Amino acid sequence: MADERQNPIRLGTTAPNFEAETTQGPIKFHDWIGDSWCVFFSHPEDYTPVCTTELGAFAKLQPEFTKRNVKMIGLSANTVDSHDGWIKDINEISQCNLTFPIIGDKERKIAYAYDMIDHQDMSNVDSKGIAFTIRSVFVIDPKKTIRLIMSYPASTGRNAAEVLRVVDSLQTGDKHRITTPINWIPGEDVIVHPGVSNEEAKTLFPDFRIVKPYLRFTPLPADKI
Ligand code: BEZ
């Protein structure tokens, strides 16, 4: 069982540091992230169908994450040897070249630290015989602060483009005093942060428009995104 005294993993907390074996050799997590952003995600099990499609999709999007200074790293409760064999299948099936590391967390130590376990598996580890982790995603910024947490069930593959979209929103929001509306993608209008007065907004966002006093949109010039 996870140590119940452990601090909860929440948005805004520091990502737990750890040492791990990966398909790219041993890492110390915070050192490995360095000055980059990080997308850290788990999958339930190597050599399973949904996971295979997911890892292929993440691998194909890796150049987009790299452009945004984001390092990707996966994890499941399998060995590094198992990951190595499975990566060959992923590359063949998805016609990709998966180069980001995948952590071997057979003992689920890191999975527990990041609460990547579903309720049933917390109490049903041995009888089940399969060390499932759920489909968790953490976006971690260069200060090692957790900025996004997603938990998907084993039965549902994620949307890799959505993870990239959130990175775009977070990075844009860190640069400008804005938030982003539903389904926003880069290039679309953003929302002037509620903490910005109309007077300030006139200077910061000359083309902003007021829909309601609490809802103000503005374009962001492409060079500001
Ligand atoms: C899958 O990747 O297909 C999968 C893995 C574990 C449980 C259910 C589905």
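Keep in mind that what you see is a predicted model, and the values were worked out from it rather than measured.

Here helix α2 (residues 49–67) crosses helix α7 (residues 160–175) at 25 degrees, and the two axes come no closer than 9 Å. Put simply, α2 runs roughly parallel to α7. Handedness of the α2/α7 crossing: right-handed. Contact residues: α2 offers Ala57, Phe58, Leu61, Glu64 and Phe65, while α7 offers Ala160, Ala161, Val163, Leu164 and Val167. Looking at side-chain class alone, the contact of α2 with α7 contains nine nonpolar, no polar and one charged residues.

Around the ligand, the neighbouring residues are Pro44, Thr48, Pro49, Val50, Cys51, Phe132, Arg135 and Ala154. Within the side chain of Thr48, one N or O atom sits 2.9 Å away from an oxygen atom of the ligand. One of the side-chain nitrogen or oxygen atoms of Arg135 is found 3.2 Å away from an oxygen atom of the ligand. Surface burial for the ligand is 80%, taken as the share of its 270 Å² of free accessible area covered by protein chains. Residue classes in the shell around the ligand are distributed as six nonpolar, one polar and one charged.

Moving on: the sheet that holds strand β7 (residues 146–152). Taken in spatial order, the seven strands line up as β2-β1-β5-β4-β3-β6-β7 in an open sheet, and their pairing is mixed. The open sheet has two edge strands with one neighbour each: β2 (27–28) and β7. Relative to strand β5 (residues 102–104), strand β1 (residues 19–22) runs antiparallel, the two sharing two bridges. From the neighbouring strand, Glu21 faces β5, where its bridge partner is Gly104. Helix-sheet contacts for α2 involve β3 (37–42), β4 (70–76), β5 and β6 (135–140), and the interaxial angle to β4 is about 165 degrees.

As a further point, take the sheet that holds strand β10 (residues 209–212). If you walk across this open sheet you meet the four strands as β8-β9-β11-β10, and the pairing is antiparallel. The open sheet has two edge strands with one neighbour each: β8 (178–179) and β10. Direction of pairing for strand β9 (residues 190–192) relative to strand β11 (residues 215–218): antiparallel, over a ladder of two bridges. Each bridged residue has a counterpart across the sheet, and for Val190 the counterpart in β11 is Thr218.

Moving on to the pairing of β3. Burial of β3 is extensive: six of the six residues sit out of reach of the surface. Because side chains alternate across β3, one face comprises the buried residues Trp37, Val39 and Phe41, and the other comprises Cys38, Phe40 and Ser42, equally buried. Of the strand pairs in this sheet, β3 and β4 are connected by six bridges, and their pairing is parallel. For Cys38, the partnering residue across the bridge sits in β4 and is Lys71. Where the polypeptide runs from β3 across α2 and back to β4, its parallel neighbour, the crossover connection is right-handed.

Residue placement: Ile191 occurs in strand β9. Judged by relative accessible area, Ile191 falls into the buried class, the value being 14%. Distance from Ile191 to Thr218, taken between C-alpha atoms, is 6.1 Å for residues 27 residues apart in sequence. Sequence-distant contacts of Ile191, that is, excluding residues within four places in its chain, are made with Arg177, Ile178, Thr179, Thr180, Pro181, Leu215, Arg216 and Phe217.

With 27 residues, the main nonpolar core has Val39 and Phe100 as its most contacted residues. Sorting the residues of this core by element identifies β3, α2, β4, α3 (80–94), β6, β7 and α7 as the ones contributing at least two each. The dominant element in this core, judged by the number of residues it contributes, is α7, at six residues. Other than its neighbours up to four places away in sequence, Phe100 contacts Thr23, Gln24, Phe41, Leu55, Phe58, Ala59, Gln62, Met72, Ile73 and Gly74.

Parsing the chain into structural domains produces domain 1 (19–157) and domain 2 (176–224). Measuring from the centre of the C-alpha atoms in domain 1 to the corresponding centre in domain 2 gives 35 Å.

Phi at Asp115 takes a positive value of approximately 55 degrees, unusual for a residue other than glycine. Relative to the elements of secondary structure, Asp115 occurs in the loop between α4 (109–113) and α5 (119–123). Even without being a glycine, Asn183 presents a positive backbone phi close to 60 degrees. Considering the arrangement of structural elements, one finds Asn183 in the loop between β8 and β9.

Rules and cut-offs
- Residues numbered from 1 in each chain as written.
- Predicted model: local features only at pLDDT ≥ 70, side-chain atom pairs only at ≥ 80, totals over all residues.
- Heavy atoms only, no water.
- Axes fitted to C-alpha atoms, helices over the stretch in contact; angles between N-to-C directions.
- Helix = DSSP H or I, 4+ residues; strand = E, 2+ residues; numbered from the N terminus.
- Parallel < 35°, antiparallel > 145°, perpendicular 65-115°, else oblique.
- Left-handed = near helix turned anticlockwise from the far one by under 90°.
- Contact = heavy atoms within 4.5 Å.
- Nonpolar A, V, L, I, M, F, W, Y, C, P; charged D, E, K, R; others polar.
- Near = heavy atom within 4 Å.
- Polar contact = N/O pair within 3.5 Å; in protein donor to acceptor, adjacent residues only side chain to side chain.
- Areas by Shrake-Rupley, 256 points an atom, 1.4 Å probe, with all protein chains shown as cover.
- Pairing = 2+ DSSP bridges.
- Buried < 20%, exposed > 50% of the residue type's maximum accessible area, 1.4 Å probe, protein only.
- Right-handed = clockwise from strand over helix to strand, strands pointing away.
- Core = buried A, V, L, I, M, F, W, Y, C linked by side-chain atoms within 4.5 Å.
- Domains from an automatic or database assignment.

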